[in-house]
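Chains, contacts and geometry: an overview
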Amino acid sequence: MATGRRDFLSMEAPANYVAGLGRGATGFTTRSDIGPAKEGPSEDAIKAALARREAAIAAGEVDDDDEGRFKDPESADIGLFSSAPYDADDQEADNIYAAVDEKLARRTQKQREAREAEEREQERKEGLGGIQNQFADLKRGLAMVTDEEWAALPDATDATGKNRKARQKLRERFYAVSDSVIASARDSSGLDTSISAEAPAPADSADGAMTNFVEIGAARDKVLSLKLDQAGAESVASGLSSTIDPKGYLTGLGSLQLKSDAEIGDIKKARLLLKSVISTNPKHAPGWIAAARLEELAGKQVQARNLIAQGCELCPSNEDIWLEAVRLNTEENAKVILAEAVSHIPRSVKLWMKAMQLEKDVLPKKRVLRKALELIPQSVKLWKEAVNLEENPADARILLARATELIPLSVELWLALARLETYENARKVLNKARLAVKTSHEIWLAAARLEEQNNNHERVGMIIKRANMELQKEGAGLEREQWLAEAEKCDSEGDVVTAQAVVNQTLGQGLEDEDREAQWMDDATALVSRGRFATARAVYAYALRVYPEEDSLWRKAAELEKNHGTREAMEAILEKGVEACPQAEVLWLMYAKERWLAGDVDGARNILVRAFEQNPNDEDIWLAAVKLEAENNEVERARILLERARREAGTERVWKKSVVFERQMGNAEAAIDLVTQALSEFPTFDKLWMMKGQIYEDEGKIPQAREAYSAGCRAVPKSVPLWILHARLEEKAGMVIKARAILDRARLAVPKDDKLWCESVRIELRANNAHQAKALMAKALQECPASGLLWTEAIFLEPRPQRKTRSVDALRKCEGDPVLITTVARLFWMERKLDKARTWFDRALKAAESDYGDGFAWWYKFELQHGTEEQRQALITRCVAVEPHHGEVWQMVAKLPKNAGKSVEEILKLVAETLE
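Report on the accompanying structure. Model, not experiment: these values are computed from the prediction.

Conventions used here
Position numbers for residues count from 1 along each chain, tracking the sequence in the order it is written. It should be noted that, the model being predicted, local features are given only for residues of pLDDT at least 70 and side-chain atom pairs only at 80 or more, the latter also being counted only at that level, while totals for whole chains, interfaces and linings use all residues. Based on all heavy atoms of the structure, the side-chain values leave hydrogens and waters out of the count. Counting from the N terminus, the helices are the DSSP runs of H or I reaching at least four residues and the strands are the DSSP runs of E reaching at least two. Remark: exposure states derive from per-residue accessible area (1.4 Å probe, protein chains only) relative to the maximum for the residue type, with buried under 20%, exposed over 50%, and partly exposed in between. Any two residues whose heavy atoms approach within 4.5 Å at even a single point are treated as in contact. Computed by Shrake-Rupley with a 1.4 Å probe, the accessible areas treat only the displayed protein chains as cover when residues are assessed. Residues belong to one nonpolar core when they are buried, are Ala, Val, Leu, Ile, Met, Phe, Trp, Tyr or Cys, and are joined through side-chain atoms within 4.5 Å. Only the stretch in contact is used when a helix axis is fitted, and all axes are lines through C-alpha atoms; the angle between N-to-C directions ranges over 0 to 180 degrees. Oblique is the label for every angle not falling under 35 degrees (roughly parallel), over 145 degrees (roughly antiparallel), or within 65 to 115 degrees (roughly perpendicular). Helix crossings are classified by the rotation of the near helix relative to the far one: an anticlockwise turn of less than a right angle makes the crossing left-handed, while a clockwise turn makes it right-handed. Any residue outside Ala, Val, Leu, Ile, Met, Phe, Trp, Tyr, Cys, Pro, Asp, Glu, Lys and Arg is labelled polar, Gly included; the first ten of those are nonpolar and the last four are charged. The term polar contact refers here to a pair of N or O atoms within 3.5 Å; inside protein, the definition further demands a hydrogen-donor-capable atom paired with an acceptor-capable atom, and it admits residues adjacent in sequence only when both atoms are side-chain atoms. The patches reported here contain residues having more than 30% relative accessible area and no salt bridge. Joining distances are 9 Å for like charges and 5 Å for nonpolar side chains (Val, Leu, Ile, Met, Phe, Trp, Tyr). The term salt bridge refers to a side-chain nitrogen of Lys or Arg lying within 4 Å of a carboxyl oxygen of Asp or Glu. Counted charges follow a simple rule, with Lys and Arg positive, Asp and Glu negative, and His plus the chain ends left uncounted. The atom standing in for a charge is NZ when the residue is Lys, CZ when it is Arg, CG when it is Asp and CD when it is Glu. Take the number of residues in a helix, subtract one, and multiply by 1.5 Å to get its expected span. Arc definition: directions from the helix axis to the C-beta atoms. Here the aromatic set is Phe, Tyr and Trp, taking the six-membered ring for Trp, and pairing holds for ring centres within 6.5 Å; pairs whose planes are under 30 degrees apart are stacked, those over 60 apart are edge-to-face, and all others are tilted. Only Lys NZ and Arg CZ are tested; either one counts as a charge over a ring when it is within 6 Å of the ring centre and within 35 degrees of the ring normal.

Focus: the overall build of the chain
Helix and strand content of the chain: 50 helices and 0 strands. Taken across its 916 residues, the chain has 33% of its residues classed as buried. Counting contacts in the chain only where the partners sit at least 6 residues apart, residues at least 24 apart contribute 50% of the total. Carbon and sulfur atoms form 53% of the exposed surface of the chain, whose accessible area is close to 58,500 Å².

Right, here's the structure in full:
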């Protein structure tokens, strides 16, 4: 019967059996390997051992200071293996290790002993050493200190003084002192500090209690004067100095530049740093240069020269240090230094140039340069200096010919040689240069300018065209902006044909079709602003060839000729313009006006006739023809033209001009009839209502004028000038209340209009109601905070001391307003700051783009009082060129019938007289 027990489990293992060897589980130690653990001593055994030890210590047989406590615990005598048996194998191993250690120690003994000796010697020299070595003797001395000495040592105190003040305050005590004690102390030790030159010395002055400072100062001055006189006499008598000035001695001392302690400290620090630099790296030339300059800054010229001399010896191949040495020394020494320098660096151009500059005469300079060119024949700078020293053009030509042979890639030398040659030889030189330097545009431009200067204008364009092609082929083509810059340069130097040729060949280069016109207009404007009129003229001519139908280009070109050209050139452009753009009435009108201003009235009429043929029923041409006849006192012809214009054109402007013409001629009835007919056709044209009211007002027919204004306000309620005229009419009639009501209605119809608010304020001021005027102004500025007109009235409503502050607030709100800027100029005028006032007047006209007539009038009035005749004439010329049309007072004066036909200068003077 089989059982579940395995018999081999009860069998003994073989003699050589090792558990786990078959599966590789070896390499670790188990308790079975080292045997069973030993049983430790019992409690009784421990007590007995301690008792025996105490008895031995008491008998003196055992020392309590057991040195074995400090032995290495890893030693075999103690620790875990202290009880292990020490056999022969252990002894042999210890002997082997000891022999190895001894052999290694002998091998490195000499090196170790030498290193330790060296370290000890180094520490001895430097007086340093480890902390233990420094305090070794003191530590040994501590063994002799007794217990009483230890107890007598004082306690540690606060040596830093951190809490010293606090402890002193705790120990302070204050007590009240009697007034009598203070008074007696004052009387016993008081000093009389009054200064009086006449006061006699008191009787008790012997004890020093009284001091006379006047006598002390006088005595000091006298002693100093005697010393100075004595020093001057002794120096002259001894022959040591004959130029001392005793009186100017103190002045000379005062002129000395004294340095502060901080500056001196900085110099010392910098000196130490630079000394470290030049000592650690003596071949570093910038360090020597900096050290020398520091000494020069400190006023030690001799030390600076010595330092730079040492630097030259240590860095002989650095040209900067030689140049610094030359700068620090005198002229004679500098020559010697340069002679030594070029011996070390014979190919330094800077040194040779400096040597040449030190020479005074031309011949020594030439000698230096020739010697330099022998050593450095490839230096363009030396060749140029040598050529500049030659007074004879033939000698200079020889030098340049040799220079171009040696340096064929130098464009400057080729161009200089071409300038010295004749026309034929210059062409040959430039051809050679072009072959030598194929990527230089300067040579091509020089060739073109050469042809222009010799009147071969037809070749200039060919050369520029070929230049552009060749440069692009060589990969050295210029951009459009670079070509324009070259054209400007030619224009500034008088080579106009070359500039035009450059523009014609390169202006359209690299531009898209849709960007060309705008870019060309910008280019021309920029050229005009820089004064390059010939180049700008070429740009306009090129643009007109591409866009001949653009009337704006023709107008800009004509304005350029008008402002910076000749009348003939302007008329030629306008003639071409009207042929290219026959429908552009602006060009026709400009053409006719220029002919009329030139005094050719018949020519102006012919131009207008041609304009009528191309633009029938054009109101601008009709009105220009009327103005031409009216200005030349051809009244009937002007009236006939107006009648034809009303029949054929019949616009509101034609009717308005017809009414204005009859009013200017003094024919009030005809003007009333015309304005009535015009209003029947154009009832919403506010200017017709205004003219009707003004005609009645001039005739003294106030009710009819009131009715005209009232009807006009109902027909055109958004017309601000119509409301203002209506209110002024009522104010003139003495009905201020009604005028206020009209303006109130106007502000409801046209809200946030600064002119209506300003008129309301002015009515209150004219009625002597300043309080109401300020209240209205406050409301007006709330609705129109950016109105220069309102801010002007607000500034003058304030008292004079507060106007400047008010103007600053106004400029923050509406910066750039010409009315406000003119007001600021007037404020400076009132304060007698004339230069500032003139500057602000100019700023006002620039802000208004020079079309603000009141600004011109105020400025002219200012110049009448504080300017010169030249300044006034320049202002009049500027005003006439601009022909201003804006400005409250300017429009009022210019549109008066009696001022019809007057020039801009006359209107300017009339407005200046009207201003208050």
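Now, onward.
What about the nonpolar core?
A general tendency of soluble globular proteins is for nonpolar side chains to be buried together. Counting 124 residues, the largest nonpolar core has Ile 321, Trp 322 and Leu 382 as the members making the most contacts within it. With near-sequence residues (within four places) excluded, Ile 321 lies in contact with Ala 285, Trp 288, Ile 289, Ile 308, Gly 311, Cys 312 and Cys 315. Among the nonpolar cores identified, the runner-up in size contains 36 residues, and Val 675, Phe 685, Ala 739 and Ile 742 belong to it.

Considering the packing of helix α17 (residues 349-358) against helix α18 (residues 362-375)
Where α17 meets α18, the closest approach of the two axes is 8 Å, and the angle between their N-to-C directions is 165°. For the element pair α17 / α18, the angle class is roughly antiparallel. The handedness of the crossing between α17 and α18 comes out as right-handed. Together, Trp 352, Ala 355 and Met 356 of α17 and Lys 365, Val 368, Leu 369, Lys 371, Ala 372 and Leu 375 of α18 make up the contact between the two elements. Here the residues of the contact of α17 with α18 are counted per class, giving 7 nonpolar, no polar and 2 charged.

A look at the side chain of Glu 561
Relative to the elements of secondary structure, Glu 561 occurs in helix α29 (residues 551-564). Among the polar contacts listed, one links the side chain of Glu 561 to the side chain of Arg 537, at a separation of 2.4 Å. The residues contacting Glu 561, other than those within four sequence positions of it, are Arg 537, Thr 566, Ala 569, Met 570 and Ile 573.

Focus on a negative patch on the surface
A surface patch of negative charge is lined by Asp 87, Asp 89, Asp 90, Glu 92 and Asp 94. Tracing the sequence through the fold places Asp 89 in helix α3 (residues 88-107). A residue is classified by how much of its surface remains accessible, and Asp 89, at 55% relative accessible area, is exposed.

What about helix α24 (residues 457-473)?
Since one α-helical turn is 3.6 residues long, residues separated by three or four positions face the same way. With 17 residues, α24 extends 25 Å from end C-alpha to end C-alpha; this agrees with the ideal 24 Å at 1.5 Å per step. Within the span of α24, buried status applies to Val 460, Ile 463, Ile 464, Ala 467, Asn 468 and Leu 471. One side of α24 holds all its buried residues, which, seen down the axis, span an arc of 135°. Among the exposed residues of α24, those oriented more than 90 degrees off its buried face are Glu 458, Met 462, Met 469 and Lys 473. Against the buried residues of α24 lie α23 (441-453), α25 (480-492) and α26 (496-506). Downstream of α24 by one or two residues, Gly 475 has phi in the positive range, about 80°.

Describing the packing of α29 against helix α30 (residues 567-580)
Running from N to C, α29 and α30 cross one another at 170°; their axes reach a closest spacing of 8 Å. In this view, α29 runs roughly antiparallel relative to α30, as classed from their interaxial angle. Across from Trp 554, Ala 557, Ala 558, Glu 561 and Lys 562 in α29, the residues of α30 making contact are Ala 569, Met 570, Ile 573, Leu 574, Lys 576, Gly 577 and Ala 580.

Brief notes about the packing of aromatic side chains
Within the structure shown, the criterion is met by 7 aromatic pairs. Ring centres of Phe 828 and Trp 840 lie 6.0 Å apart, and the angle between their planes is 40°; this geometry places the pair in the tilted category. With Phe 828 in helix α45 (residues 818-830) and Trp 840 in helix α46 (residues 834-847), the pair connects residues that are 12 residues apart, well separated along the chain. A relative accessible area of 12% places Phe 828 in the buried class. In this structure Trp 840 comes out as buried when scored by relative accessible area, which is 16%. With centroids separated by 5.4 Å and ring planes inclined at 85°, the aromatic side chains of Trp 829 and Phe 862 adopt a geometry described as edge-to-face. One end of the pair, Trp 829, is in helix α45; the other, Phe 862, is in helix α47 (residues 853-866), with 33 residues separating them in the sequence. Here Arg 646 stacks its cationic end above the ring of Trp 655, 5.4 Å away from the centre of that ring.

Re the side chain of Lys 692
Tracing the sequence through the fold places Lys 692 in helix α37 (residues 686-698). There is no salt bridge for the buried Lys 692, and the closest opposite charge comes from Glu 707, which lies 8.0 Å off by N-O distance. Among residues more than four places away in sequence, those in contact with Lys 692 are Ile 672, Val 675, Thr 676, Leu 679 and Ala 708.

Let's talk about helix α36 (residues 668-681)
If you check α36, its first and last C-alpha atoms are 20 Å apart, about what 14 residues at 1.5 Å a residue would give, namely 20 Å. By the burial criterion, the buried members of α36 are Ala 671, Ile 672, Leu 674, Val 675, Ala 678 and Leu 679. Along the axis of α36, the buried positions cluster into a sector of 170°, meaning they face one direction only. The exposed residues of α36 that point more than 90 degrees off its buried face are Glu 669 and Ser 680. Elements that come into contact with the buried residues of α36 comprise α34 (635-648), α35 (652-664) and α37.

Brief notes about unusual backbone geometry
Despite not being glycine, Lys 752 has its phi angle at roughly 60°, a positive value. Position of Lys 752 among the secondary structure elements: in the loop between α40 (736-749) and α41 (754-766). Residue class for Lys 752 comes out exposed when judged on its relative accessible area of 61%. In this structure, Asn 768 is a non-glycine residue whose phi angle is positive, near 60°.

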